[in-house]
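Understanding the architecture of this molecule
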Amino acid sequence: MKKKKNNKTQLQADSQVNLYGYGEHFNIFNKLYLKKKLPNTILLSGQKGIGKSVFINHFSNYILSMNDQNKYDLKNFKINIDNKCYKMAKNNIHLNFYRVDNNLNDIGIEEIRNLIKFLNKSSDLDNLKIILIDNIENLNKNSSNALLKVLEEPKINTYFFLIFDNKKKILSTIKSRCSEFKISFSKEEKDKIFFNLLKEHYIEDIDDEVFNLLNFESPGNLINYIISLGDSYSDILKFEPDFIIKCIKKYEVENDINLFNTIFFMIQNFYYKICLNNIHNMNDYIYNYRKIIDQIYHLKKFNLSEKNVLKSITNNLYNEQR
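These notes cover the structure that comes with them.

About the criteria used
- Residues numbered from 1 in each chain as written.
- Predicted model: local features only at pLDDT ≥ 70, side-chain atom pairs only at ≥ 80, totals over all residues.
- Heavy atoms only, no water.
- Salt bridge = Lys/Arg side-chain N within 4 Å of Asp/Glu carboxyl O.
- Helix = DSSP H or I, 4+ residues; strand = E, 2+ residues; numbered from the N terminus.
- Buried < 20%, exposed > 50% of the residue type's maximum accessible area, 1.4 Å probe, protein only.
- Phe/Tyr/Trp six-rings, centres within 6.5 Å; stacked < 30°, edge-to-face > 60°.
- Lys NZ or Arg CZ within 6 Å of the ring centre and 35° of its normal.
- Core = buried A, V, L, I, M, F, W, Y, C linked by side-chain atoms within 4.5 Å.
- Contact = heavy atoms within 4.5 Å.
- Expected span 1.5 Å × (residues − 1).
- Arc of directions from axis to C-beta.
- Axes fitted to C-alpha atoms, helices over the stretch in contact; angles between N-to-C directions.
- Parallel < 35°, antiparallel > 145°, perpendicular 65-115°, else oblique.
- Nonpolar A, V, L, I, M, F, W, Y, C, P; charged D, E, K, R; others polar.

**Digging into the pattern of salt bridges**
Proximity of charged atoms lets side chains of opposite charge pair with each other. On inspection of all chains with the given rule, the structure shows five salt bridges. A salt bridge links Arg113 to Glu110, with the shortest nitrogen-to-oxygen separation between them at 3.5 Å. On the criterion of helical spacing, the pair formed by Arg113 and Glu110 is a turn pair, its members being three residues apart in helix α4 (residues 109-119). Across the pair Asp191 and Lys187 runs a salt bridge, and its minimum N-O distance is 2.9 Å. With Asp191 and Lys187 both in helix α8 (residues 187-200) and four residues apart, the pair spans about one turn of that helix. On the accessibility criterion, Lys187 (25% relative accessible area) is partly exposed.

The structure is reproduced here in structure tokens:
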């Protein structure tokens, strides 16, 4: 695997000017919108990193830039970088577009209160408002209830797009208020999206085994894993304790959340591989794996000492090498 250019920029949904794989979805939404039949509250569920938020950013840009000089390129599903809507939405200062997103912590009540303030402000374009709430599985109890009240009485010409990781759980009452669109791609479709992202980030000569990871991983996540490894990107398939521990030490210095996610990904694959090769001791390895997963989960949930948790995970991985 050879990398032509070192570009360490992680994929950010609001910065992606190219849209891959969503042409059919885009056309369906567009027809519904033009016929004034697009539901006011839409839930997009699917695998994390599959591009759901990128899709809604593009669709919103298309709607809001229809009368702009540098409007959305509908033929190529591409945002013009000189597009005023793109620049304003990216900084979340657009009068007609509002984004709520917290990928690291709970989405708190204050963030929903700020959303309500936005909804009560007047704007242009017939007071059209588009709301994108990403990672709604991170809503806590108070913010979920506050959002639920907003969804129960939607304002005219207001569209809510809620992005949901289908591996997580959300309130059934929120789900019942939405028209759900389940997003999924075949392995072949994932390959095409992944190939375009590799090309965009100047990553070449990828091993076939890396593409095989798309059988269970999303293109966006896989690209971020590769980028987060930096100069060690060619070791993406090295699901071995010594390399994972090396990455943990790197994370302790850089504190890069994407590297942390990459470590989690490699731990999962390490235990998957070791269980396949040690069927008779599988239960022991599954127990150790669940122990590490619980530590990672509790790290965020209970605000535990990251240093102690990483040390414990490192010790567990050391023991697996014996």
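Still more ground to cover, so stick around.
**Describing the packing of aromatic side chains**
Tallied over the entire structure, the rule returns 24 aromatic pairs. When the ring centre of Phe118 is taken as origin, the NZ or CZ atom of Lys129, which lies over that ring, is 5.8 Å away.

**Concerning the nonpolar core**
Ranked by internal contacts, the top residues of the largest apolar core, which has 76 residues, are Phe29, Leu44, Phe55, Phe59, Phe161, Phe194 and Leu317. When residues no more than four places from it in sequence are discounted, the contact partners of Phe194 are Ile206, Val210, Phe211, Leu214, Pro219, Leu222, Ile223 and Ile226. The next biggest cluster of nonpolar side chains, apart from the first, holds 23 residues, and it includes Leu43, Val100, Leu119 and Cys178.

**Things to note about helix α14 (residues 306-320)**
Owing to its 3.6 residues per turn, the α-helix aligns residues three or four sequence positions apart on the same side. Taking 1.5 Å per residue, 15 residues should reach 21 Å; α14 reaches 21 Å between its end C-alpha atoms and fits that length. Within α14 the residues assigned to the buried category are Val309, Leu310, Ile313, Thr314, Asn316, Leu317 and Glu320. Angular distribution of buried residues about the axis of α14 spans 160°; they occupy a single face of the element. Across from the buried face of α14, at angles greater than 90 degrees, the exposed residues are Lys307, Asn308 and Lys311. Each element contacted by the buried residues of α14 is listed here: α11 (241-254), α12 (257-277) and α13 (282-301).

**Regarding the packing of helix α10 (residues 219-228) against α12**
Remark: α10 packs on α12, axes separated minimally by 9 Å, with the N-to-C direction vectors making an angle of 110°. The angle between α10 and α12 places the two elements in the roughly perpendicular class. Contacts from Leu222, Asn224, Tyr225 and Ser228 of α10 reach α12 at Asn258, Leu259, Asn261, Thr262 and Phe265. Grouping the constituent residues of the contact of α10 with α12 by class yields four nonpolar, five polar and no charged.

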